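Structural overview for review
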Amino acid sequence: MSEIRYQYDVVVVGAGHAGTEAALAAARLGAKTALLTTNLDTVAQMSCNPAIGGIAKGQIVREIDAMGGVMGQAIDATGIQFRLLNRRKGPAMHSPRAQADKKAYQWWVKLAVEDQENLDLRQEIVSDLLTEEVDGKQRIVGVSVHGGVVFAAPRVVLTTGTFLSAIMHVGETKTPGGRGGEGTSSGISAALKRLGFRLDRFKTGTPARINYNSIDFDQTELQPGDDEPQPFSFLTEKLSGEQMPCHITYTNEKVHDLIRDNLHRAPMYSGEIDSRGPRYCPSIEDKVVRFTDKDRHQLFLEPEGHNTREVYVNGISTSLPRDVQDEMFKLIPGLERAQIMRYGYAVEYDYCPPDQLWPSLQTKEVAGLYFAGQINGTTGYEEAGAQGLMAGINAALEGRGEEPLVLGREQAYIGVLIDDLVTCGVDEPYRMFTSRAEHRLMLRQDNADRRLTPLAQDRGLITPERWQAFSAKQQQIDTALQTLQSKRHQGTLLSDWLRRPDSSWEQMCEWAPTLCDASAEAALQVTYDLRYEGYIARQQVEVERQKRLSYKRIPESFDFSRLTQMRNEAREKLGRIRPTTVAQAERISGITPSDIALLLVYLDGRM
Ligand code: FAD
């Protein structure tokens with residue numbers, strides 16, 4: 001029987017949050033792309049919390065949107081509760097978050113994929129990675145799927161999430177699978193090991209889902225959405241869908257006693273799981289052990305959509321056995337009669353330590369092979385979507401013979417994310433925080449389009465509609481700034497008035513009525529530009545210093561073992577991570593200024 005073979009420019013494996021953004025981006029750039037995934041009914045499925053955004057993650061979604069990705073539009077179209085978090089703090093901390101109608105979200109993304117030109121979505125289980133040796137180096141040439149069919153492509157993006165050699169745990173019970181009700185992917189782990197990749201293991205967990213009708217809401221606190229919800233996408237003018245409230249309840253000492261009594265049955269404590277989980281998103285058993293001074297933990301009851309009664313119990317992720325989960329709910333106010341629809345569980349899976357990647361997300365080991373999402377040791381839909389977007393862009397750009405698009409730490413949270421991953425690796429599941437970004441006043445959620453849309457336009461990533469909307473807003477900002485810098489009130493320039501924290505845009509409009517023509521978004525940009533001018537100028541000085549080091553490139557073929565005068569530890573680290581610029585080398589933990597000075601001497605040919 002002759003082999004069935006399909007030819008593509010880019011093949012993306014896995015249609016989760018990373019895979020869908022990767023495939024859409026590659027196809028938008030004109031690459032003939034295949035998106036292969038185990039099950040078409042789980043495209044862009046939210047494995048855990050039915051929510052998008054949150055602190056630092058909301059900023060990432062705005063950046064994905066500013067570059068033409070779909071996550072922002074998908075949540076705007078299907079969100080059921082929108083809130084701007086940290087509203088009382090400064091603008092660098094403002095972070096949009098929304099609850100999603102989980103199924104509607106998936107269908108929205110699936111339709112976007114189906115409608116995308118140059119993109120074929122196929123239900124296939126990928127079982128092997130195909131490579132050839134070219135000039136002594138492995139190069140990807142495609143993948144094979146169950147049934148022996150080959151999808152040939154010079155570029156492959158792997159986004160298999162939590163599915164590599166995955167095992168799910170509920171108490172003493174272990175089942176192979178990367179997500180409740182689904183299987184695992186063992187062929188890819190074996191292929192990666194064969195190709196010389198290091199693999200490691202992480203774990204994550206999820207709480208039970210319960211039936212809305214079985215909750216006594218009188219015993220809970222109401223948490224409504226914002227009165228004037230803010231969209232995620234720069235293309236959405238107004239959110240129209242009906243908002244649903246969330247509710248809050250708490251654990252108590254009785255629940256904690258029950259957990260303590262059954263710790264020996266929790267896989268994390270019985271020794272069944274020894275891989276690391278996300279520290280900032282601990283299971284309830286971890287919380288009880290680690291925070292002994294707390295007599296209660298907050299739980300959010302989050303509805304999963306308009307057409308389901310399933311409610312996600314945020315804050316009580318667990319892998320305790322079913323009987324303990326049953327008992328636990330009976331002790332929580334409002335949940336005494338809760339009907340559990342899906343039990344909580346933990347999942348252990350393989351990931352590839354991301355210091356094996358170039359900043360383009362291409363692997364160092366195999367040319368043309370890219371990794372994005374949870375396979376890189378991250379956690380979260382937003383982190384996955386961002387990496388998918390960049391890997392898809394870079395796979396397509398490489399196919400066109402163009403330089404990769406690598407965002408700087410001063411340009412985007414996405415730049416911080418990828419630089420952290422490839423420079424420092426991970427020792428626990430990585431999630432984004434505002435504290436990871438040293439230039440966070442520049443990386444605000446409100447200005448993501450001004451930072452990134454022009455870059456995306458240059459690469460042909462966005463639609464004319466987005467570019468027009470952006471240009472119109474920029475025009476309004478420029479006009480308003482000119483007015484403020486030329487008109488005076490009581491002898492003082494309006495721009496100086498607006499710098500004062502107690503002034504308002506409405507006041508400026510009274511003094512210069514043409515300012516009323518600016519949209520609310522443009523007015524906000526002008527206000528922040530003026531009020532934070534001094535801080536931003538100071539950050540810019542540091543950015544320029546870093547840039548000077550970034551321009552100093554280290555050739556891909558540079559032999560770090562030549563640095564014989566360098567400390568062994570530093571030489572070994574640089575040789576393993578193979579930074580591409582001096583600025584990246586400087587950020588590797590344990591690399592000192594004197595190591596950098598020595599590296600510069602070598603790069604300048606002085607040694
Ligand atoms: P996924 O969304 O997992 O998508 C991977 C896709 O690849 C799937 O569609 C799968 O079917 C497909 N695939 C796998 N193998 C193959 C193959 N061989 N061939 C073809 N297709 C394949 N994140 C948080 O931020 N907080 C949490 O608390 C949290 N808890 C979680 C709990 C659980 C139980 C799980 C499973 C995940 C949790 N996550 C959590 C993580 C979050 O779901 C992921 O970070 C995010 O979905 C990763 O996106 P991804 O695209 O990398 O992978």
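A brief structural summary. Bear in mind the structure is a predicted one, so any value in this text is a computation, not a measurement.

Some details on the overall build of the chain
Looking only at helices and strands, the chain features 20 helices and 25 strands. Computed over its C-alpha atoms, the radius of gyration of the chain comes to 25 Å, within 12% of the 25 Å expected for a compact globule of 607 residues. Projected onto its principal axes, the C-alpha coordinates of the chain cover approximately 75 × 70 × 50 Å. Counted over contacts in the chain with a minimum sequence separation of 6, partners at least 24 positions apart contribute 72%. Entry remark: accessible area of the chain is about 25600 Å², with carbon and sulfur atoms responsible for 48%.

Points about helix 10 (residues 381–399)
Helix length check: helix 10, at 19 residues, gives a terminal C-alpha distance of 27 Å against a target of 27 Å (1.5 Å per residue), a fit within 8%. Within helix 10, 17 of the 19 residues are buried, which leaves the element mostly enclosed by the surrounding structure.

Some remarks on the sheet that holds strand 16 (residues 221–223)
Spatial ordering of the open sheet is given by 16-17-18-19-15-20, a layout of six strands whose pairing is antiparallel. What marks the edges here is a single partner per strand, and that holds for strand 16 and strand 20 (340–342). Put simply, the sheet's adjacent strands are angled 35 degrees from each other on average, direction ignored. Pairing geometry for strand 15 (residues 209–211) and strand 19 (residues 310–314), over three bridges, is antiparallel. Counterpart to arginine 209 in the pairing with strand 19 is tyrosine 312.

Here we look at the side chain of serine 185
Tracing the backbone through its elements, the reader meets serine 185 in the loop between strand 13 (173–176) and helix 5 (187–194). Relative accessible area serves as the criterion here: at 15%, serine 185 is assigned to the buried category. When neighbours within four sequence positions are excluded, serine 185 is seen to be in contact with Phe163, Leu164 and Ser165.

Here we look at the site of the ligand
Among the 35 residues in the neighbourhood of the ligand, the closest are listed as Ala18, Val126, Ser185, Gln374 and Gly380. Between the ligand and the protein, one listed contact pairs an oxygen atom with a backbone N or O atom of histidine 17 at 3.0 Å. With respect to the ligand, the side chain of threonine 38 contributes an N or O atom lying 3.1 Å from a nitrogen atom. If the ligand stood free it would expose 980 Å²; the protein chains cover 96% of that surface. Listing elements by their share of the shell around the ligand, those giving two or more residues are helix 1 (17–28), strand 3 (33–37), strand 14 (200–206), strand 21 (345–351) and helix 10. Looking at which element gives the most residues to the shell around the ligand, the answer is strand 14, with three residues. Here the shell around the ligand is built from residues that sort into 14 nonpolar, 19 polar and two charged.

Some remarks on the pairing of strand 9 (residues 137–145)
Relative to strand 9, strand 8 (residues 126–134) runs antiparallel, the two being bridged by eight bridges. Among the inter-strand pairings, glutamate 132 is bridged to a residue of strand 9, identified as arginine 139. What sits between the antiparallel neighbours strand 8 and strand 9 is a turn of two residues, in which aspartate 135 has the positive phi angle 50 degrees. With two bridges joining them, strand 9 and strand 22 (residues 366–367) adopt parallel strand pairing. Residue glutamine 138 lies in a different strand from strand 22, and its bridge partner there is valine 366.

Remarks on the packing of helix 1 against helix 4 (residues 102–115)
Between helix 1 and helix 4, whose axes approach to 10 Å, the crossing angle comes to 25 degrees. In terms of orientation, helix 1 lies roughly parallel with respect to helix 4. Crossing of helix 1 against helix 4: the hand is left-handed. Residues His17, Thr20 and Leu24 of helix 1 form the contact with helix 4, whose own contacting residues are Tyr105, Val109, Ala112 and Val113. In terms of residue class, the contact of helix 1 with helix 4 is built from five nonpolar, two polar and no charged.

Description of the state of the cysteines
Under the counting rule described, the total for this entry stands at zero disulfides. In this structure cysteine 424 is not part of a disulfide, and its nearest cysteine sulfur, from cysteine 352, lies 18 Å away. No disulfide involves cysteine 516; its nearest neighbouring cysteine sulfur is the one of cysteine 509, lying 3.7 Å away.

Here we look at the sheet that holds strand 5 (residues 79–85)
The sheet built from three strands is open, its strands ordered 4-6-5 with antiparallel pairing. Either end of the sheet is taken by a strand with one partner, and the two such strands are strand 4 (51–53) and strand 5. Each strand of the sheet is rotated relative to its neighbour by a mean of 15 degrees, with strand direction disregarded.

Here we look at the pattern of salt bridges
All chains considered together, the criterion is met by 35 salt bridges. Salt-bridge contacts for glutamate 327 lead to lysine 330; the nearest nitrogen and oxygen are separated by 3.2 Å. Here glutamate 327 pairs with lysine 330, and both are found in helix 9 (residues 322–330), just three residues apart, close to one helical turn. The partner of arginine 567 in a salt bridge is aspartate 595, with the nearest N and O atoms 2.5 Å apart. Of the two residues, arginine 567 sits in the loop between helix 17 (533–551) and helix 18 (568–577) while aspartate 595 sits in helix 20 (residues 593–603), which places them 28 residues apart along the sequence. Using a relative accessible area of 34% as the deciding quantity, one classes arginine 567 as partly exposed. Here the salt bridges do not stand alone but share partners, grouping Arg409, Asp419, Asp420, Glu438 and Arg587 into one network.

Some details on the nonpolar core
In terms of nonpolar packing, the biggest core is built from 106 residues, with Val11, Tyr105, Leu192, Met390 and Ile393 touching the most fellow members. Considering every element that reaches this core, the biggest residue donor is helix 10, with 10 residues. Every residue in contact with tyrosine 105, bar those within four places of it in the chain, is listed here: His17, Ala44, Met46, Ile52, Met71, Ala74, Ile75, Thr78 and Ala100.

Here we look at the pairing of strand 11 (residues 155–158)
The alternating pattern of strand 11 places Arg155 and Val157 and Val156 and Leu158 on opposite faces, both of which are buried. When strand 2 (residues 10–13) meets strand 11, the two strands line up parallel, connected through four bridges. Within strand 11, the residue paired with valine 11 across the bridge is valine 156. Strand direction decides the pairing type here: strand 11 and strand 23 (residues 369–371), joined by three bridges, are parallel. Paired with leucine 158 across the bridge in strand 23 is phenylalanine 371.

With respect to the environment of glutamate 556
With respect to the helices, strands and loops of the structure, glutamate 556 is situated in the loop between helix 17 and helix 18. Through-space distance from the C-alpha of glutamate 556 to that of isoleucine 477 is 42 Å; in sequence the pair is 79 residues apart. Those residues within four positions of glutamate 556 in sequence are excluded, and the remaining contacts are Trp358 and Arg578.

Quick notes on the rules
Residues numbered from 1 in each chain as written. Predicted model: local features only at pLDDT ≥ 70, side-chain atom pairs only at ≥ 80, totals over all residues. Heavy atoms only, no water. Helix = DSSP H or I, 4+ residues; strand = E, 2+ residues; numbered from the N terminus. Rg over C-alpha atoms; globule rule 2.2 N^0.38 Å. Contact = heavy atoms within 4.5 Å. Areas by Shrake-Rupley, 256 points an atom, 1.4 Å probe, with all protein chains shown as cover. Expected span 1.5 Å × (residues − 1). Buried < 20%, exposed > 50% of the residue type's maximum accessible area, 1.4 Å probe, protein only. Pairing = 2+ DSSP bridges. Axes fitted to C-alpha atoms, helices over the stretch in contact; angles between N-to-C directions. Near = heavy atom within 4 Å. Polar contact = N/O pair within 3.5 Å; in protein donor to acceptor, adjacent residues only side chain to side chain. Nonpolar A, V, L, I, M, F, W, Y, C, P; charged D, E, K, R; others polar. Parallel < 35°, antiparallel > 145°, perpendicular 65-115°, else oblique. Left-handed = near helix turned anticlockwise from the far one by under 90°. Disulfide = S-S within 2.5 Å. Salt bridge = Lys/Arg side-chain N within 4 Å of Asp/Glu carboxyl O. Core = buried A, V, L, I, M, F, W, Y, C linked by side-chain atoms within 4.5 Å.

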